[in-house]
Structures are given as C-alpha cells and as structure tokens.
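# A structural walkthrough
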Amino acid sequence: MIIKAILRPFENWISPFAEKGDVRPPDTVWRFVWFYVRQAKSVIATLIVLGGLTALIEAGLFYFTGRLVDILDVTARENGWSGLLADHGWELAFMLSVVLVWRFLIMLANALTDEQVMAPGFSFLTRWQAYRHVSRQSLSFFQNDLSGRIVSRIAQGTQAVYDLVSTLIQNIWFVAIYLVSTVALMAGLDWRLAVPILMWVVGFAFIARYFVPRIRVRAREFADTASMLNGRITDSFANIQTLKLFSSERESDAYVLDGFERNRNAALAFSRLIVGARSSMNLLAGMMISLLAVLSIDLWLKGQVTTGGIAFSLGLMLRFNMLLGRTMGQINGLMRNIGTIQNAAEMISAPIDLTDRPDAVPLVVTGPEIRFENMTFGYGAARPVIQGFDLTIRPGEKVGIVGRSGAGKSTLVNLLLRFYDVSGGRILIDGQDIAAVTQQSLRSAIGMVTQDTSLLHRSIRDNIMIGRPGASEAELAAALKRAEADRFVASLEDHRGRKGLDAQVGERGVKLSGGQRQRIAIARVMLKDAPILVLDEATSALDSEIEAVIQSNLDRLMSGKTVLAIAHRLSTIAALDRLVVMDAGRIVEQGTHAELTARGGLYAELWARQSGGFIAAEENLAR
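Counting restarts for each chain, with residues numbered from 1 along the sequence as it is written. Since the coordinates come from a predicted model, pLDDT governs what is reported: local features require at least 70, and pairs of side-chain atoms require 80 or more to be given and counted, while whole-chain, interface and lining totals use all residues. Only hydrogens and water are set aside when side-chain values are computed; all heavy atoms of the structure are taken into account.

### A look at the overall build of the chain
Note the cut-off: Helix numbers and strand numbers start at the N terminus; a helix is a DSSP run of H or I with at least 4 residues, a strand a run of E with at least 2. Any residue under 20% of the maximum accessible area for its type is buried, any over 50% is exposed, and the rest in between are partly exposed; the area is computed with a 1.4 Å probe on protein chains only. Any two residues whose heavy atoms approach within 4.5 Å are treated as being in contact. In short, Shrake-Rupley with a 1.4 Å probe defines the accessible areas, and a residue's cover is counted only from the protein chains shown. Counted as positive: Lys and Arg. Counted as negative: Asp and Glu, with His and the chain ends omitted from the count. Working definition for charges: the position is that of NZ of Lys, CZ of Arg, CG of Asp or CD of Glu.
Each helix and strand counted, the chain has 19 helices and 10 strands in total. For the chain, the spread of C-alpha atoms along the principal axes amounts to about 120 × 50 × 50 Å. Put simply, the chain has 623 residues, and 47% of those count as buried. Looking at the chain alone, contacts between residues at least 24 apart form 78% of all its contacts between residues at least 6 apart. Total accessible area on the chain is roughly 31,000 Å²; 58% of this is exposed by carbon and sulfur atoms. Positive and negative charge centroids in the chain, built from 65 and 59 side chains respectively, lie 3 Å apart.

### Digging into the environment of Leu146
Checked against the element boundaries, Leu146 lands in the loop between helix 5 (139–143) and helix 6 (147–189). Assessed through its relative accessible area of 30%, Leu146 is described here as partly exposed. Along the sequence, Leu146 and Ile446 sit 300 residues apart, while their C-alpha atoms lie 28 Å from each other. With sequence-adjacent residues up to four places away left out, Leu146 is seen in contact with Gly231, Arg232 and Asp235.

### Examining the confidence of the model for the chain
Low-pLDDT stretches of the model should not have their predicted coordinates read in fine detail. Cut-off, in case you're wondering: Every residue is assigned a pLDDT by the predictor, reflecting its confidence on a scale from 0 to 100.
Of the residues in the chain, 91% reach a pLDDT of 70 or more, and the chain-wide mean stands at 82. For residues 611–623, every residue scores under 50 in pLDDT, and the model assigns this stretch 28 contacts once sequence neighbours within four places are set aside.

### What about the packing of aromatic side chains?
Formally: Stacked, edge-to-face and tilted labels apply to pairs of Phe, Tyr and Trp rings (six-membered ring for Trp) whose centres lie within 6.5 Å, assigned for plane angles under 30 degrees, over 60, and everything in between, in that order.
Overall, the coordinates contain 12 aromatic pairs when judged by the stated rule. Ring centres 5.4 Å apart and planes at 75 degrees place the aromatic pair Phe32 and Tyr36 in the edge-to-face group. Separated by four residues within a single helix, Phe32 and Tyr36 lie in helix 2 (residues 29–37), roughly one turn from each other. The residues Phe32 and Tyr36 share a single accessibility class, namely buried. With a centroid separation of 5.2 Å and an interplanar angle of 80 degrees, the aromatic rings of Phe141 and Phe142 are classed as edge-to-face.

### Describing the sheet that holds strand 3 (residues 398–403)
The condition that has to hold: Pairing between two strands requires that DSSP report at least two bridges joining them. Every angle, taken between N-to-C directions, lies between 0 and 180 degrees, and every axis is a line fitted to C-alpha atoms, over only the stretch in contact when it is a helix.
In space, the six strands of this open sheet follow the order 6-7-8-3-9-10, with mixed pairing throughout. Strands with a single pairing partner mark the edges of an open sheet, and in this sheet they are strand 6 (446–449) and strand 10 (586–591). On average, each strand axis in the sheet is tilted by 20 degrees relative to the strand beside it, whichever way the strands run. This element, helix 11 (residues 409–416), spans strand 3, strand 6, strand 7 (532–536), strand 8 (562–566) and strand 9 (578–583) of the sheet and lies at about 145 degrees to strand 8. Across the sheet, helix 16 (residues 514–528) lies against strand 6 and strand 7, angled at about 170 degrees from strand 6, the strand it touches most.

### Considerations on the pairing of strand 9
Within strand 9, five of the six residues are buried, which leaves the element mostly enclosed by the surrounding structure. Two elements, strand 3 and strand 9, share five bridges in a ladder whose sense is parallel. Within the sheet, the bridge partner assigned to Val402 lies in strand 9 and is Val581. As paired elements, strand 9 and strand 10 share five bridges and run antiparallel to each other.

### Observations regarding the pairing of strand 7
Side-chain positions along a regular strand alternate between the two faces of the sheet. Here strand 7 lies mainly inside the structure; five of its five residues are buried. By the alternation rule, side chains of strand 7 split into Ile532, Val534 and Asp536 and Leu533 and Leu535, which are all buried. Of the pairings in the sheet, the one linking strand 6 to strand 7 comprises four bridges and is parallel in character. The residue of strand 7 that forms the bridge with Gly447 is Leu533. Inspection of the sheet shows strand 7 paired to strand 8 by five bridges, in the parallel sense. Along strand 8, the bridge assignment pairs Ile532 with Thr562.

### Structural notes on a nonpolar patch on the surface
Quick note on the threshold: Residues qualify for a patch when their relative accessible area is over 30% and they have no salt bridge, like charges being joined within 9 Å and the nonpolar side chains of Val, Leu, Ile, Met, Phe, Trp and Tyr within 5 Å. For this analysis, a salt bridge means a side-chain nitrogen from Lys or Arg found within 4 Å of a carboxyl oxygen belonging to Asp or Glu.
On the surface, Leu96, Val99, Leu100, Val101, Trp102, Phe104, Leu105 and Leu108 cluster together into a nonpolar patch covering about 770 Å² of accessible area. Assignment of secondary structure puts Val99 in helix 4 (residues 80–135). Look at Val99 and you get partly exposed, because its relative accessible area is 35%.

### A few points about unusual backbone geometry
At the junction of Gly367 and Pro368, the peptide bond is cis and its omega measures out at -5 degrees in the coordinates. We note that Asn374 has phi near 45 degrees; this positive angle belongs to a residue other than glycine. Here Asn374 is to be found in strand 1 (residues 370–377). For Arg418, which is not a glycine, the phi torsion comes out positive at approximately 55 degrees. Checked against the element boundaries, Arg418 lands in the loop between helix 11 and strand 4 (424–429). By relative accessible area, Arg418 is classed as buried at 4%.

Spelled out as structure tokens, the structure:
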C-alpha cells in the first residue's frame, strides 16, 4: 500500500483519457510528434533535466576515477586511512555522496518518470486520441482500406511516437550532455585533449548528413510495406472460411508471400544503409581513440598531465565511444520510428470528410415523415447512381423498395442514414434537412436490420444492448423473446464456459449460424425501438418456419413506425402499404402489390420471374 501511495502521483501525472476537443494531429512527422508531446510538456521537461543530470554524473565518475588515482599517487601508504582522510577526507566524502546518494536519487526519479509516467501515460494518450479521431471517419474511409492496415498504422504509429521521444531523451540527449561534459573536462585537463573530441563530432556530423536522409526514405518504405503486410495477413484471417472454400493454400500463401517479399526487400535496402553508417562511425571512432591515446601519452611523457589524467581521459573516451556505438544502434530504431510515423501520420491525420455542421442541432422526431427531394448521388467521379429522386413516406407508412440488383436501393438507405452526403437535392425527416442535424441523433432515430448481419466480438448481451445501453434486463429479455432468440441464446456456451447472454459470439459473429445472427440483430432493433425502421432483407437468413414467426413479430414492431423495407424476396414485402420500384436510380413505378402486378410493368416482371421467392440477379453498372 505504501509503495502504491508513493507511485500514484507519478501514475496520475498524465491523464491519457481526459476529454479533449479536436484530436486530429498534423500530417508531418515533427508536427505530428509535437501535437502529442505538448500535452505532456512537464513530464518531458522533467525527463530532459533528469537525463542531463544523469549524463553529468556519469561523466563525473570518470573525473572521480582520475582524481582518485592522483590522490593515491601522492599519498604515503604508511599513513593508512587516517592520513588519507586527513588530507582528502572532504573530497572523498563528496565523491562518495554523489555515487551512493545523488546518483541513486536522480536515477530513481528518472526511472519513475519514464516507467510510471511516460510508458503507461503518454503511450496510451497517443493511441487513444488516434483511435478517437480515426473512429469518427466516414464509412467510405474504412471501405477504401483494409481494417488490418488501419489498425496497424494506429498501433505502430503511436508506439513509434513514444519510442522516438524516449530515444531522443534517454539516448540522444544523454549523449549530447555527455559530449559537452567530456569536452569541458578534457579542456580543463589540457585544451589539446579536447581537439580529437571536436574532430570526432565534426566527422560524425558529416557521416550523419550523408546517411540520415537516405535512411529516412528507406525507413518510410519499410514502414509502408510492413503495414501493407499486416493488412494482408489480417484480411486473410478475417476471411479464412472464404479462402478455404475457394482458394488453394498455395494461392493464398502466394498473396501473403508477395507482401512478405516486398517487406523484406524494403528491410534489406534499409539495413544496407544502417550497416554503412555504423561501419563508418566505427572507423572514425577507432581513428579518434588512437589519436587521443597517442596525444595523452605524449603529454604524460612531457610531464604536462598526471597519471590520473591519463586514466581519466582514456576512460572517458572509451565510455564516450561506447555511447556513440549505442547511439548508432539507436539510429536504426530512430529511423524506423520516423518512417513509421510518416506512414501513420498521413492516415491518422486525415480530415474527417463527413462531419456535423457547426450549427447542427439534434433531430426532433414527431411523425416521422421522410421526404427525398430531387435527390442526386454518385460515388466519386462515376455517373450518378441516383438522380432526380423524389419520394415522400408519410408518418407511419410502410414502404417497400423493389428493383433489380444495382438499382440503387441500398444506396438510398445509406443516404438516409447519412453515411454519404447527397450530391444534389436533400433528405428531410419531419421537415428537417438531415444534413443540418447531428449524425448521432439521426441514427438514434433509425433502427436497421441488414442483409449481411455482422456482430461485434463481444457477448450476446453487449451485442443487443448496444441498441439501447440503458435498457433493463427485463426489456432485454422481452426483445429476445419477440425476436424468437431466447431459446437458442439460453443454450449457448463459448469455449471459455461463458453461457447464455454472457457467451461471446466470435469475430463478426462467426460462432452463430446466419439465422441466429439475424435474430440477434432483430432483437437489437426491437430493443432500440426507434421511430423509423429500415429493413434490408431482414429475414433473408432465416428458415421458413422461423421466418414466419419473425415476420409476425416484425409486423408488431412496425406498428406505429415509419418503415422503409428492401427485399429481393418480394413475398416478404408484398403486404406493405406501398411498393416503390427503382431502376437505374429512378422511381419507375409505385403502388400496392395488386396494383403493380395488374399494371404489367417491371414489378410484374420481377414477380413473375421469382424462383423460390428470389429475384434473378441481374448485373448493373450502378450500385
């Protein structure tokens, strides 16, 4: 308890999860790093001071060694400890206090600040804020990249920021202070001994000037191929069932192996430069150590430096050489970190392309009425997927959207949910333009069951309660029962022995059947109980018996709600108030099932061509 009380102030120095408004970092390396560093300035300033003091003490130890040699050289052995302490007691006591007390206290404070503050505080701050910003990106952002690649860039990029800052303070800054101390102590002994050190620094600067820019380019290439490789591996594991069904192991391996080879080639190009830089530094170090040794011996032979001075200067130089060697080893990691940050900053710092307006207000739902007014939309530079679209859905009306594959049905739903912004026209809910309300309030007013049901890798309870986090256990149980999911949920048990609502469903719900996943999704929407209901093939994964039961439950769920339903199985929506037939992004027919079949148009054609309740798929260039 006492230890925890001592450590707690250090552990709470940085609040990594504190609320912060804009967490979008800049997109250049050093501005990206500074965005996070400035949030921990006091901690980093403390580490800089402590690191500098540590370097001074380390250099001072060699001075103490030299002084001790000189003191012993002039002290008569026959006088023993009493004579030694009588002549040099205060100086020896000072040396002892620095070694035993001050060195310990400074290094303890340094370790506490680094390990108890920076490691758990700063690293979590960078990762959390990067996640927060990226998680608010639009749907298209995630559709345009591999999820594994995105996760890799966040994890590696934020870790690289911590590693870079730590390396700069604990190694580069330490060596810089040690260098200044070495030059000052050498010059104090004899100014000529400082000359080889300064020559060393100049040579080091020339070598760094040649290698560092080239290493930086290769480091960025290595980081880019590393995130690409992680993305390919994640994609393969996430779709392992599809690969096992449709691809041979050799073909699957070839795609990932190509990523490994590209990453390895980038690593080899990077490591060649590192070898060149380290070899050049080692050659320079050997030359400077030899020069300093010859110079020191020459000065000793001339009686211009003492024996302790020789021991001090050579010891200090060997320690400095070891530090430079360690620094060259750190340059490898340093350049990797810079390349990783470059690679990650471009993605993490991307502006959110679909945001709430500054004056956005919460959506107020009364009806609700949905109105599409002269709406136009296209993906990128492609021709419009939906154009000149006008449709009004009255409060409480149940409307089915019908059309060939690619007619624009799912796009219509995505626009209603504002996963994309319309190119022209507008969408109104109860007279409010959805572009002028907050996205969270808009989506809170809409419950949706999709054709491709994807569950979170969490418990059954978490997957359903996400629809309404404040719901009671009784409301949860009622939603499960209405979705005909209560019996199979009660029998579930995962590989760790968790049962029922506490059982984990696996990534994307892979441990459940398609019908079970669909019923969990329906239970979630039933619990949410939003005023607008969107059904996109809500019962497509269910067998006929369960579908009949669920359909009756959906009928009760739809009561009093405004409903937009998409279906290829026309029998599931034939009884709705109105059916809207789309083709190539336009409305071509509207009416009840009886009216449309009697008209003999596209709907009647689709109905006639059904086999087993499904529309024969026809490819279309539009989405």
